[in-house]
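Notes for the structure review
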Amino acid sequence: MAVMDPNKASELTMLLAEHHVPTRTGVRLALESDGLRVVAEVATAGDAVSAALRFRPDVCLLAVQLPGDGIEAAKQIRDALPETKIVMLTASERNEDLFASLRAGADGYLLKSTSSGRLPHAIRGVVSGEAAIPRQMTARLIREYRDRGRRRVPALVVEGHAVELTVREFEVLERLRKHERTAEIAAHLGISEITVRRHVSTTVRKLGTSNRRSAIELLEHAEQSALGIETSAAA
């Protein structure tokens, strides 16, 4: 019977998914220099999912901007391999990407600017149960969830039917009422302009209005009605 090398027995296996070849090469060298074993390198989200199912690595390191959507790949891998650790790698500091990655089941979120010496340490920390999120983004995460717990979305009633908006949809609608442009809203909320437009479209559809202006007018009417109810209750 073959005797297993104790060093190999404790060796962590990695799946590396990054479409930019020079970046992928640099990351692989950083991981392997610290004893982590990269069992597969891929360049697309679809290949990342396939390789994860084939090799069942200890950790999947996935670029957020993978062709095919790295965050969607993370979700599929999490559903199929709940024991595998998933760490997202990105050049983006957008709140939108961070929150979407965590909702998809990621265990960590690292910037591509992370030093080659720090990267393997962060990966091992995730395997040990630690969080791997840049310090500046951890503060944003705490602030986001703290603030969400305090926010209150008023009930909107359209033709006798209650309409529920998400906190983010309501925030976008409120900023539209302040005459902020799409780019300004995106900057204030830490999301992309595409996401702002998507929230606007969804809100207009939910409210059954024809455009942004009509949605804003409906919001103002709902708030005035709510104020009237509170005033009556107080009396």
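That block above? That's the structure.
Described below are features of the structure shown in this document. Just so we're clear, the structure is a prediction, and the values are computed from it rather than from any experiment.

Parameters and conventions
- Residues numbered from 1 in each chain as written.
- Predicted model: local features only at pLDDT ≥ 70, side-chain atom pairs only at ≥ 80, totals over all residues.
- Heavy atoms only, no water.
- Helix = DSSP H or I, 4+ residues; strand = E, 2+ residues; numbered from the N terminus.
- Buried < 20%, exposed > 50% of the residue type's maximum accessible area, 1.4 Å probe, protein only.
- Polar contact = N/O pair within 3.5 Å; in protein donor to acceptor, adjacent residues only side chain to side chain.
- Contact = heavy atoms within 4.5 Å.
- Axes fitted to C-alpha atoms, helices over the stretch in contact; angles between N-to-C directions.
- Parallel < 35°, antiparallel > 145°, perpendicular 65-115°, else oblique.
- Nonpolar A, V, L, I, M, F, W, Y, C, P; charged D, E, K, R; others polar.
- Salt bridge = Lys/Arg side-chain N within 4 Å of Asp/Glu carboxyl O.
- Core = buried A, V, L, I, M, F, W, Y, C linked by side-chain atoms within 4.5 Å.
- Pairing = 2+ DSSP bridges.
- Right-handed = clockwise from strand over helix to strand, strands pointing away.

**Observations concerning the side chain of Glu11**
Tracing the chain through its elements places Glu11 in the loop between helix 1 (6-9) and strand 1 (13-17). What makes Glu11 buried here is its relative accessible area of 18%. A distance of 2.8 Å separates polar atoms of two side chains, one belonging to Glu11 and the other to Arg37. Not counting chain neighbours up to four residues away, the residues in contact with Glu11 comprise Gly35, Arg37 and Asp58.

**Section: the packing of helix 9 (residues 182-189) against helix 10 (residues 193-207)**
With their axes 8 Å apart at the nearest point, helix 9 and helix 10 run at an angle of 105° to one another. As far as their axial angle goes, helix 10 and helix 9 are roughly perpendicular. Within the contact between the two elements, helix 9 uses Thr182, Ala183, Ile185 and Ala186 and helix 10 uses Glu193, Val196 and Arg197. Its residues assigned to classes, the contact of helix 9 with helix 10 comprises four nonpolar, one polar and two charged.

**Describing the pattern of salt bridges**
Summed over the entire model, instances satisfying the criterion amount to 12 salt bridges. A salt bridge links Arg197 to Glu193; the shortest N-O distance between them is 3.5 Å. Of this pair, Arg197 and Glu193 both sit in helix 10, four residues apart, which is roughly one turn of the helix. When salt bridges with common partners are traced through the structure, they connect Arg24, Arg28, Glu32 and Glu41 into a single cluster.

**Brief notes about the environment of Gln76**
Position of Gln76 among the secondary structure elements: in helix 4 (residues 70-80). Put simply, Gln76 and Ala48 are 28 residues apart on the chain and 9.8 Å apart in space, counted from C-alpha to C-alpha.

**Remarks on the nonpolar core**
The biggest cluster of nonpolar side chains holds 29 residues, and the ones touching the most others in it are Leu15, Leu62, Ile77, Ile86 and Met88. Counting only elements with at least two residues in this core, the list comes to strand 1, strand 2 (37-42), helix 3 (45-55), strand 3 (59-63), helix 4, strand 4 (85-90), helix 5 (95-104) and strand 5 (108-111). The greatest single-element share of this core, amounting to five residues, is contributed by helix 3. When residues no more than four places from it in sequence are discounted, the contact partners of Leu15 are Ala40, Val42, Ala48, Ala51, Ala52, Pro57, Val59, Cys60 and Leu61.

**Points about the side chain of Glu180**
Summarising the element assignment, Glu180 is placed in the loop between helix 8 (167-177) and helix 9. Within the structure, Glu180 has its side chain in polar contact with the side chain of Arg175 (distance 2.8 Å). Setting aside residues up to four positions removed in sequence, Glu180 forms contacts with Arg175, Ile185 and His188.

**Examining the sheet that holds strand 2**
Strands belonging to one sheet form pairs held by backbone hydrogen bonds; the direction of such a pair is parallel or antiparallel. With parallel pairing, five strands are arranged side by side in an open sheet as 2-1-3-4-5. Where the open sheet ends on each side, the last strands, each with one partner, are strand 2 and strand 5. Neighbour-to-neighbour, the strand axes of this sheet turn through a mean angle of 20°, independent of strand direction. With five bridges connecting them, strand 3 and strand 4 associate as parallel partners. Within strand 4, the position partnered with Cys60 by the bridge is Ile86. Most of the contacts of helix 3 go to strand 2, to which it runs at about 145°, and overall it touches strand 1, strand 2 and strand 3.

**Some remarks on the pairing of strand 1**
On a regular strand, one side chain projects to one face of the sheet and the next to the other, so that they alternate. Counted residue by residue, strand 1 has five buried out of five residues, so it is predominantly covered. Residues Thr13, Leu15 and Ala17 line one face of strand 1 and the alternating positions Met14 and Leu16 line the opposite face, and both faces are buried. Bridge count for strand 1 against strand 2 is five bridges, and the pairing is parallel. Each bridged residue has a counterpart across the sheet, and for Leu16 the counterpart in strand 2 is Glu41. The parallel pair strand 1 and strand 2 is bridged by helix 2 (residues 21-32), and the resulting crossover is right-handed. Here strand 1 runs beside strand 3; their pairing, made up of four bridges, is parallel. By the bridge assignment, Ala17 is partnered in strand 3 with Leu62.

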